[in-house]
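Chain and residue survey
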2 protein chains.
Amino acid sequence: VFKGQHNEKSSVFADLSAEEYLQVRDFMINRKELHISANAFTKPSENFLFLIDLSLPKKSDVLGYLDENKPKPTREATAVVFHGTDGYIREYVVGPLPNPKYFKDVTFERYKEALPINARTVTIGEYVLMFKFLMKEVFTRLGKIVKESFNVSIEDTLNAFEGMPRGIQSGDRHTWISFFRDFSGMYIHPVGFEVLINHNSTNSSLWSVTKLLYNGQYFNSVDDLLKKYENGTVKKIVYKPVPNYASLKPKSKPNGLSPQQFNPQGNRFSVNNNHIMYLDWSFAFGLSSLTGMRVFDIRFKGERIVYELSVQEAMSVYGSITPGMMLTKFLDSSIGIGRFAHELVRGADCPYTATYIDTYRYIDISAPQRFRNSICVFEHNTGRPLRRHFSDFFHNSYGGMVNSALVFRTITAIGNYDYLWDFIFYQSGSVEAKVHATGYISSSFKVDGNLRYGHQVAHDTIGNIHTHFINFKVDLDVLGIKNVFLTKDMEFVNVSLPWMPEHYAMIPQLVEAQLKTEKEAALRYNTKMPRYLHIASNRTNRWGHQRSYRLQVVSFTGDHLPETEPEERSMSWARYKVAITKHKDSEPTSSSLYSQNNMWKPAVDFSKFIEDNENIENEDLVAWITTGFLHIPHAEDIPNTVTVGNGGGVILRPHNYFDEDPSINSPDGVYISPG
Amino acid sequence: VFKGQHNEKSSVFADLSAEEYLQVRDFMINRKELHISANAFTKPSENFLFLIDLSLPKKSDVLGYLDENKPKPTREATAVVFHGTDGYIREYVVGPLPNPKYFKDVTFERYKEALPINARTVTIGEYVLMFKFLMKEVFTRLGKIVKESFNVSIEDTLNAFEGMPRGIQSGDRHTWISFFRDFSGMYIHPVGFEVLINHNSTNSSLWSVTKLLYNGQYFNSVDDLLKKYENGTVKKIVYKPVPNYASLKPKSKPNGLSPQQFNPQGNRFSVNNNHIMYLDWSFAFGLSSLTGMRVFDIRFKGERIVYELSVQEAMSVYGSITPGMMLTKFLDSSIGIGRFAHELVRGADCPYTATYIDTYRYIDISAPQRFRNSICVFEHNTGRPLRRHFSDFFHNSYGGMVNSALVFRTITAIGNYDYLWDFIFYQSGSVEAKVHATGYISSSFKVDGNLRYGHQVAHDTIGNIHTHFINFKVDLDVLGIKNVFLTKDMEFVNVSLPWMPEHYAMIPQLVEAQLKTEKEAALRYNTKMPRYLHIASNRTNRWGHQRSYRLQVVSFTGDHLPETEPEERSMSWARYKVAITKHKDSEPTSSSLYSQNNMWKPAVDFSKFIEDNENIENEDLVAWITTGFLHIPHAEDIPNTVTVGNGGGVILRPHNYFDEDPSINSPDGVYISPG
Ligand SMILES: [Ca+2]
Ligand SMILES: [Ca+2]
Ligand SMILES: [Ca+2]
Ligand SMILES: [Ca+2]
Ligand SMILES: [Cu+2]
Ligand SMILES: [Cu+2]
């Protein structure tokens, strides 16, 4: 069924191949002067090659290559090294690929400052040491208490879940670790035991336990708890077996297949390397280990509409009275969103008949890893007309068509939560970026006062209130890169009626404006903002109107963290429902790998993109879109949050971009007239 | 596949059958003293049986019948008679059915006042006279002008489209009629000619043309236009053929079927009379000629959750400089929403494999009419997981299930616009009411100044700015009829950290409130309102929390008409995104048949439901939900508005109603663990 020619030049956006990761890894390891290890168990005190990822070429170079037959930009990788021996983090650009010959420290170029070593993500190497530390310093020493309270033994252990940020100021690496029953779905099995570890030093022999929480009571040391437990001044938790209410094992037997889709005529899309074509659409794609799913060079009938559409960050702020969750503010891209794009399950995560694509990543590991079937692509019949009209007046006829659209999907399971990421391509020329949350909520042990922060959802378990904020980057290029930001809305105006001028009525008028600076175009949540937001060209359509794409945001967020909080700078993108900035290669992402563990002095503070208040008239504009929802957990979040109602997104809609609805040209159109 | 027992008592909600309509019609016709005609061409000066529809029994009687084995409520019909001879409208209740023996005038009981005859909907009988009038008084007399300007001849006519309301004060029946090319999709083919008719009198011989608009110029009479046209003081429209850009005929040949769903194991739902069962769900349904689709007695696992979920009204306010649209405020239920639920097209409006249901109606007609396949029901695989979690930490496993849900749908094509109405039943216990708009926009001829009210979308054609406001009635009964209205939200509170009390941080807390009066619970658009709204029982779930359903509204409305406008009272429900009232049988709908043509003194003013500010604590509560979107038409609305992004709705979500997510019991669950 499918016809058309794939764009081979899309390789410029392609993720690194397994071979390329190996080339970069080996090249870096062989820089003997750097003393870098590529062993996944490298200690924090050593130099560890944490991440290798594609280094995207400059946009102007890519456009020259795509549009003007200029040479292909040099293919380069970013390599992130945690220099434990020296106490800093460095980002290197390695190239050219294949067969790298150079590497360059780009840390200052990219972040304008050094990256302190404690801004790093906790590696597997560090986790191994932390678990050993906990075993030795906590569980072994508290053997009797943890046996009596939680039935912990050599065979039966508890699982750990960390709070973040790790402290209250830059440099801190003080992590509250909460313990959970060793069940699948541990996240909703808190036992009421939390431990604060100071692992500030890269030398694990200097680590210490600085506080403990047991059944709502704080202790200054393991000895303190031991002593008070023995002398009877501790309110004890007495172990009782609890069934695994977190289990996802179905409670009913399958009774046959639910409705399924099939493509009677074969696929109407085609995937070739990292390029996809679907009816009038085409785009390139990639999956960043950090930020996740992204597509580039989205074209409709060959005309580029979007240069980049990408996930940027998933953030959550929690409330609790328990220390492990009280300060918790997760910034997932610092752990890696794309990193957790695992294999998709046919028939549940995506349709059986979807096309599944493998991805390869190199993050916190010794060798590149293949993630089988981690992206799916399918055409979906939404079961709803895209458009239709039936007329029984004057002309009796019917015209319509079903809404079949292409879905491009990954699902990332980052610890407890699973985010479902969809980019959807409609035949009417719209593209939608959608996110849904599912998986396990985070929870805390029920202690006095914690019902102010959530509802009880299971035995002794509080589902804690939290926000979900998601940021997307939308680099629309409407007929080239020079665009303006338009707003449209309505306003009631008291107007004299022309045929009876003495009579007045309030009539809705169209109100249009062009916002000309970044600060004007930074549209905060909870302010009244124009209902229609457009990235527009000054070129007009057939009817004389500026050709544009409209941004329609669907969002149910709760309040954003007050800006007075020092952590807020690391998530300042969440202030804005929509913010428009002038495109800069030096502002590729709204967050960074180094934000979670240095929230107070984040390597990227999005609000600074706006602070210089640049002119956005006839410039290359980028829209940063924030969506999400407030989550007050309830019993129905057990065992898993459902996707229904728990999502958000943005629809990019043509608005005077075309001269008419392009779906009129779809082969799916149906027309019926009386015989 | 399907198992279970249908509830025969659902017949209490069933629409009238063809036989019942005939019984009522004949009974009323035979009341000779009323001199009623059932001829669809009855003149306004005569008495016309306009409507017969089910008269819903009192809720308490229905509940007695359903829940307490009390006798079945008497089956009755409402008959609406336009008493042209007497100058009023009367509503009669006719019963018992079958074989009616009595009729009762309930006009005062229902509306507390008389219904003036000019509040009536324009009937086919009146339209016939209006078209004759126009032909004789306008087109024949302006023969040369309309020939030269619009190529109008005996064979080639123009089509008419009316503005509403018909005037500026109660009693007015002054209608601006705009003319459009005689094409399919005429609504986007304005020719620039509009005529104001005074058809105030039920005696059509007293009708008159009181104003004309031709190419942006006003004339006081046909003679005035004739004279000025002849003496050359009129800016003429010179006829030029225009292709039919409104045609819905596909421009591409079909290239095979798009993706289709099928049910490999047969349907998992069953339809019996007006009762539907689907997995754990059951409900009764009906289709009111006026308000449209509605379901009753929605139960999950046999437990009633919703007594009534129904469409109430679809309203649009337009802006224009042209008189036909300048004052236009459509209230569709006055014309009849359900009335226009026509046959659904397999494969475009609903899946091929859907179950299609016939409906019967009696409105503005001589005999009951069958509407074949006017409701569809199908289970839809949304192509997305309802829930899922993959774990690669500690426990390696996957659990999830695809989101398959039951869709109950009608599509109503009211003149230019088609609204798609969906009630969706999810396996997680949620019910969603969704509306999408498609079909043709309304348009006006391009004249000076009209670009302030919209964009040009076709040759000489302005797509005018307008609002879409939709009202749903949601009568949740959470564990019986005695409920409370709860709100939940978050608030950042500065809290001392228990393990380092000298340090403070802003932590989100859960804020709950119970709103106790109708005025408190009338939540206006454009005010900050709590993010979570709940209809709750005082009975608690396993974890001690009030069992509730949450109302999650998805809406993109523009501004509502200012309350200072006299027409606003007819649409005062649109002030509120959510309003909670105490249930009353005397407040069955938020709008009425008599609102459109008497907007200034509407038979139902929703704001009065709230004005008495009743207590809503432990009462039978009804939620009135308003959704919609601001529509600034653009070129892509030609030929038809697409559904993508053009909709809204409300999700009813269990929130501590259950003790866990009920979908864990679904047979669709999938679980995978390492082998
Ligand atoms: Ca800037
Ligand atoms: Ca751009
Ligand atoms: Ca009341
Ligand atoms: Ca109720
Ligand atoms: Cu959540
Ligand atoms: Cu519209």
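Below is a summary of the structure that appears in this document. (Residues numbered from 1 in each chain as written. Chains lettered and ligands numbered in written order. Predicted model: local features only at pLDDT ≥ 70, side-chain atom pairs only at ≥ 80, totals over all residues. Heavy atoms only, no water.)

Focus: the state of the cysteines
All names here are of chain A. For clarity, the threshold we go by: Any cysteine sulfur atom paired with another within 2.5 Å is treated as part of a disulfide. Secondary structure elements are defined from DSSP: runs of H or I of at least 4 residues count as helices, runs of E of at least 2 residues count as strands, and each element is numbered from the N terminus.
Here the structure, examined in full by the defined rule, presents two disulfides over all chains. Paired by a disulfide, Cys350 and Cys376 hold their sulfur atoms 2.1 Å apart. With the S-S bond torsion at -80 degrees, the cross-link from Cys350 to Cys376 turns out left-handed. One end of the pair, Cys350, is in the loop between strand S18 (329-331) and strand S19 (355-363); the other, Cys376, is in strand S20 (residues 369-391), and 26 residues separate them in sequence.

Side note on the interface of chain A and chain B
As a reminder of what qualifies: Whether two residues touch is decided by their heavy atoms; if any such pair falls within 4.5 Å, the residues are in contact. Basic side-chain nitrogens of Lys or Arg form a salt bridge, by our definition, when they fall within 4 Å of a carboxyl oxygen of Asp or Glu. What qualifies as a polar contact is a pair of N or O atoms within 3.5 Å, subject to a donor-acceptor requirement within protein and to the restriction that residues adjacent in sequence count only when both atoms come from side chains.
In this complex, chain A contributes 172 residues to the contact, which on the side of chain B involves 171 residues. Run the count over chain A and chain B and you get ten salt bridges. Notably, a salt bridge pairs Arg388 of chain B with Asp418 of chain A, separated by 2.7 Å at the nearest N-O pair. Counting the contacts that link chain A with chain B gives 72 residue pairs in polar contact (both at pLDDT 80 or more).

Focus on the coordination of the calcium ion (ligand 4)
All names here are of chain B. Put simply, the test is: The donor set comprises N, O and S atoms within 2.8 Å of the metal, extended to 3.2 Å for Na, K and Ca; water molecules are omitted, so apparent gaps in a site may simply reflect that omission. Any residue under 20% of the maximum accessible area for its type is buried, any over 50% is exposed, and the rest in between are partly exposed; the area is computed with a 1.4 Å probe on protein chains only.
At 2.3 to 2.5 Å from the calcium ion (ligand 4) lie its protein donor atoms, namely Asp475 (OD), Leu476 (O), Asp477 (OD), Asp620 (OD) and Leu621 (O). All donor residues of the calcium ion (ligand 4) come from one chain, and their arrangement in sequence is D-L-D-x142-D-L. Of the two residues examined, Asp475 and Leu476, each falls in the buried class.

A word on unusual backbone geometry
Residues Gly95 of chain A and Pro96 of chain A are joined by a peptide bond in cis, for which omega reads -20 degrees. Following the sequence through the fold, Pro96 of chain A ends up in the loop between strand S4 (88-95) and strand S5 (102-105). Residue Pro165 of chain A follows Met164 of chain A across a cis peptide bond; omega there is 0 degrees. Although it is not a glycine, Asn99 of chain A adopts a positive phi angle of roughly 65 degrees. By the element assignment, Asn99 of chain A lies in the loop between S4 and S5. Residue Asn99 of chain A is classed as partly exposed on the basis of its relative accessible area, which comes to 49%. Of note, Asn373 of chain B is a non-glycine position whose phi angle comes to about 50 degrees, a positive value. Relative to the helices and strands, Asn373 of chain B resides in strand S20 (residues 369-391).

Describing the packing of helix H5 (residues 143-150) of chain A against helix H6 (residues 222-230) of chain A
All names here are of chain A. So the rule is basically this: The axes are straight lines fitted to the C-alpha atoms, using for helices just the contacting stretch, and the angles between their N-to-C directions are given from 0 to 180°. Should the near helix be turned anticlockwise from the far one by less than a right angle, the crossing is left-handed, and should it be turned clockwise, the crossing is right-handed. When residues are sorted by character, Ala, Val, Leu, Ile, Met, Phe, Trp, Tyr, Cys and Pro go into the nonpolar class, Asp, Glu, Lys and Arg into the charged class, and all the rest, Gly among them, into the polar class.
Where H5 contacts H6, the two axes come as close as 10 Å, and the packing angle between them is 65 degrees. The interaxial crossing formed by H5 with H6 has left-handed handedness. Judged by residue contacts, Lys144, Ile145, Glu148 and Ser149 of H5 engage Leu225, Leu226, Tyr229 and Glu230 from H6. Tallied by class, residues from the contact of H5 with H6 come to four nonpolar, one polar and three charged.

Side note on the sheet that holds strand S7 (residues 158-162) of chain B
Residues and elements named next belong to chain B. Worth spelling out the cut-off: DSSP bridges decide pairing: two strands pair if at least two such bridges lie between them.
Across the sheet, five strands lie side by side as S7-S8-S9-S10-S11; this open sheet has antiparallel pairing. At either margin of the open sheet sits one strand with a lone partner, and together these are S7 and strand S11 (217-219). Taking each pair of neighbouring strands and ignoring which way they run, the sheet shows an average axis angle of 25 degrees. Bridge count for strand S10 (residues 208-214) against S11 is three bridges, and the pairing is antiparallel. Each residue of the ladder has a partner; that of Leu213, found in S11, is Tyr218. Against the sheet, helix H6 (residues 222-230) engages strand S9 (190-198), S10 and S11, with an angle of about 35 degrees to S10.

These figures capture arrangement, not role.
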